Amino acid sequence: MPSSKVRQYLIIVVLVFAAWIVVSMSQTQTYRTPLRVEWYGYDSARYVVAHADTDISFNINSNGFKALHRWRVMRFSPLRLNAVSDTSYALVDVLAVAAQQYGASEIEQASANKTSLSLRLSERCRKAFAPDISAVSFSFADQFGISGEVSVIPDTVYLYGSQVSLDKIDRLPVHEVTFSSINKSGDYIIELEPVWKQFADVRPSDTKVRVRLNVEKYVEKRLNIPVTLSSEDTSLHVRLYPDNVTVALLVPMNEYKNVTSEMVEVQAVYSAEKSQLPLLVTRFPSNCRVKQLLPDEVEYVALKK
């Protein structure tokens, strides 16, 4: 047979085969599609899986072109079902999730080898810890400091596991770390020491905490404060020299006008063995710091009443 006729013959065969493929792929048939099921959303530290349906097979009616597209989309992508606690999905809900996930509306009319998919969880024992941040050091830029309380978020971290393992853990510290030259408010992320890794069955609710600092610029404010006397001997009349002293406070700049001398108290503790009495600032605003006391001792004259 001449080569040209062979070529023509082969072209006809290819065209016929291609036409047959197109016709076959255009016909509606039932395609079986097995899928792996993946559950997500639940707290795997808090719960252990007691039962989970991990597979399902769909029988989907469609033409071959749609079936080929689904195969390309679905072959490496498990069906992902959300569950935060014990959960059961009826088949109609499973099909709706699958149709949305894979972008194939024909799945909603499919049948399956199961009437539902379910997940059952069992809660582990747990133990609460207040994160220990004593290993963290904060140093501030000149004239800056903490204003108010230091917040730790979350303030409680749970460890989940067997009671035997949990009983062996008594504290949950953070990594030792230093933050320097702080001059503004902010949050500092700090890793927890992974003490749970000593036990194969223990899991944490969090692996890090956030320490929130409110930082203010501090300025010096000097106040003239009268000195009060503390003495167990009520028969004495004591005169102090001087009877007023200067207290230098470091005050948050935005509170400067609000801090007054009425908020501060200085006390001298009487002792007959001493020629001068030491002074102590016994009361001052919690958001302030005592920088200096001038003088820090006073002379006295004591007379019997």
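Fair warning: this is a prediction, and the values are worked out from it, not measured in the lab.

Draft legend 1. Just the overall build of the chain, in detail. The helix and strand tally for the chain stands at 4 helices and 23 strands. Counting every position in the chain, which comprises 305 residues, the buried fraction comes to 31%. By element, 51% of the accessible surface of the chain is carried by carbon and sulfur atoms, the whole surface being about 18,600 Å².

Draft legend 2. Region of interest: the sheet that holds strand E14 (residues 186-191). In spatial order, the strands read E11-E16-E14; together these 3 strands make up an open sheet with antiparallel pairing. With partners counted over all chains shown, the strands left at the sheet margins are strand E11 (151-153) and E14, one partner each. Ignoring which end each strand starts from, the neighbouring axes of this sheet average 25 degrees apart. The sheet contact formed by E11 and strand E16 (residues 208-213) spans 3 bridges and is antiparallel.

Draft legend 3. Region of the structure containing the nonpolar core. Counting 23 residues, the largest nonpolar core has Trp39, Ile56, Phe58, Leu79 and Ile107 as the members making the most contacts within it. Within the residue set of this core, elements represented by two or more residues are strand E1 (28-40), strand E3 (55-63), strand E4 (79-82), helix H3 (91-102) and strand E7 (116-123). The element best represented in this core is H3, accounting for 5 residues. Dropping the residues within four chain positions of it, Ile56 is found in contact with Thr33, Pro34, Leu35, Val37, Leu79, Leu91, Val94, Ala112, Asn113, Lys114 and Leu117.

Draft legend 4. Molecular detail of the packing of aromatic side chains. Taken as a whole and assessed by the stated rule, the structure comprises 6 aromatic pairs. Summarising the aromatic geometry, the rings of Phe138 and Tyr188 are spaced 5.8 Å apart at their centres and angled 65 degrees between planes, so their arrangement reads as edge-to-face. Of this pair, Phe138 sits in strand E9 (residues 136-140) while Tyr188 sits in strand E14, and the two are 50 residues apart along the sequence. Take Tyr188: its relative accessible area is 16%, and that puts it in the buried class.

Draft legend 5. Examining the sheet that holds strand E15 (residues 203-204) more closely. Here we have 3 strands laid out as an open sheet, ordered E8-E12-E15, and antiparallel in their pairing. The strands lining the two open edges of the sheet, one partner per strand, are strand E8 (125-129) and E15. When E8 meets strand E12 (residues 157-161), the two strands line up antiparallel, connected through 5 bridges. Bridged to Arg126 within E12 is Tyr160.

Draft legend 6. Spotlight on the pattern of salt bridges. Per the counting criterion, the structure on display carries 9 salt bridges. Here the residues in one salt-bridge network are Asp187, Arg210 and Arg212, joined through shared partners.

Draft legend 7. Quick peek at the environment of Ala90. Residue placement: Ala90 occurs in strand E5 (residues 87-90). Using a relative accessible area of 36% as the deciding quantity, one classes Ala90 as partly exposed. Sequence separation of Ala90 and Ser116 is 26 residues, and the distance between their C-alpha atoms is 4.5 Å. If we skip the residues at most four places from it in the chain, Ala90 touches Thr115 and Ser116.

Draft legend 8. Representation of a nonpolar patch on the surface in the model. Residues Tyr241, Val301 and Leu303 make up a contiguous nonpolar surface patch of about 280 Å² in total accessible area. Along the chain, the position of Leu303 falls in strand E23 (residues 297-304).

Draft legend 9. Region of the structure containing the side chain of Asp53. Tracing the backbone shows Asp53 in the loop between strand E2 (47-52) and E3. Despite its burial, Asp53 pairs with no opposite charge, the nearest such side chain being Lys114 at 4.1 Å. For Asp53, the side chain forms a polar contact with the side chain of His51, separated by 3.5 Å. When neighbours within four sequence positions are excluded, Asp53 is seen to be in contact with Val37, Trp39, Lys114, Ser116, Leu117 and Ser118.

Draft legend 10. Focus on H3. If you check H3, its first and last C-alpha atoms are 16 Å apart, about what 12 residues at 1.5 Å a residue would give, namely 16 Å. Taken residue by residue, H3 has Val94, Leu95, Ala98, Ala99 and Tyr102 as its buried positions. Along H3, the residues classed as buried sweep out an arc of 130 degrees about the axis, all on the same side. The exposed residues of H3 that point more than 90 degrees off its buried face are Val92 and Gln100. Once H3 ends, the next one or two residues include Gly103, with phi positive near 65 degrees.

Draft legend 11. Expanded view of the environment of Leu117. Mapped onto the elements of the fold, Leu117 is located in strand E7. For Leu117, a relative accessible area of 0% gives the class buried. If we ignore the near neighbours within four places in the chain, the residues touching Leu117 are Val37, Trp39, Asp53, Asp55, Ile56, Leu81, Thr87, Ser88, Tyr89 and Val94.

Conventions adopted
Residues numbered from 1 in each chain as written. Predicted model: local features only at pLDDT ≥ 70, side-chain atom pairs only at ≥ 80, totals over all residues. Heavy atoms only, no water. Helix = DSSP H or I, 4+ residues; strand = E, 2+ residues; numbered from the N terminus. Buried < 20%, exposed > 50% of the residue type's maximum accessible area, 1.4 Å probe, protein only. Areas by Shrake-Rupley, 256 points an atom, 1.4 Å probe, with all protein chains shown as cover. Pairing = 2+ DSSP bridges. Axes fitted to C-alpha atoms, helices over the stretch in contact; angles between N-to-C directions. Core = buried A, V, L, I, M, F, W, Y, C linked by side-chain atoms within 4.5 Å. Contact = heavy atoms within 4.5 Å. Phe/Tyr/Trp six-rings, centres within 6.5 Å; stacked < 30°, edge-to-face > 60°. Salt bridge = Lys/Arg side-chain N within 4 Å of Asp/Glu carboxyl O. Patch = residues over 30% accessible without salt bridge, like charges linked within 9 Å, V, L, I, M, F, W, Y side chains within 5 Å. Lys, Arg positive; Asp, Glu negative; His and termini not counted. Polar contact = N/O pair within 3.5 Å; in protein donor to acceptor, adjacent residues only side chain to side chain. Expected span 1.5 Å × (residues − 1). Arc of directions from axis to C-beta.

Honestly, that's just the spatial picture; any functional story needs more than this.
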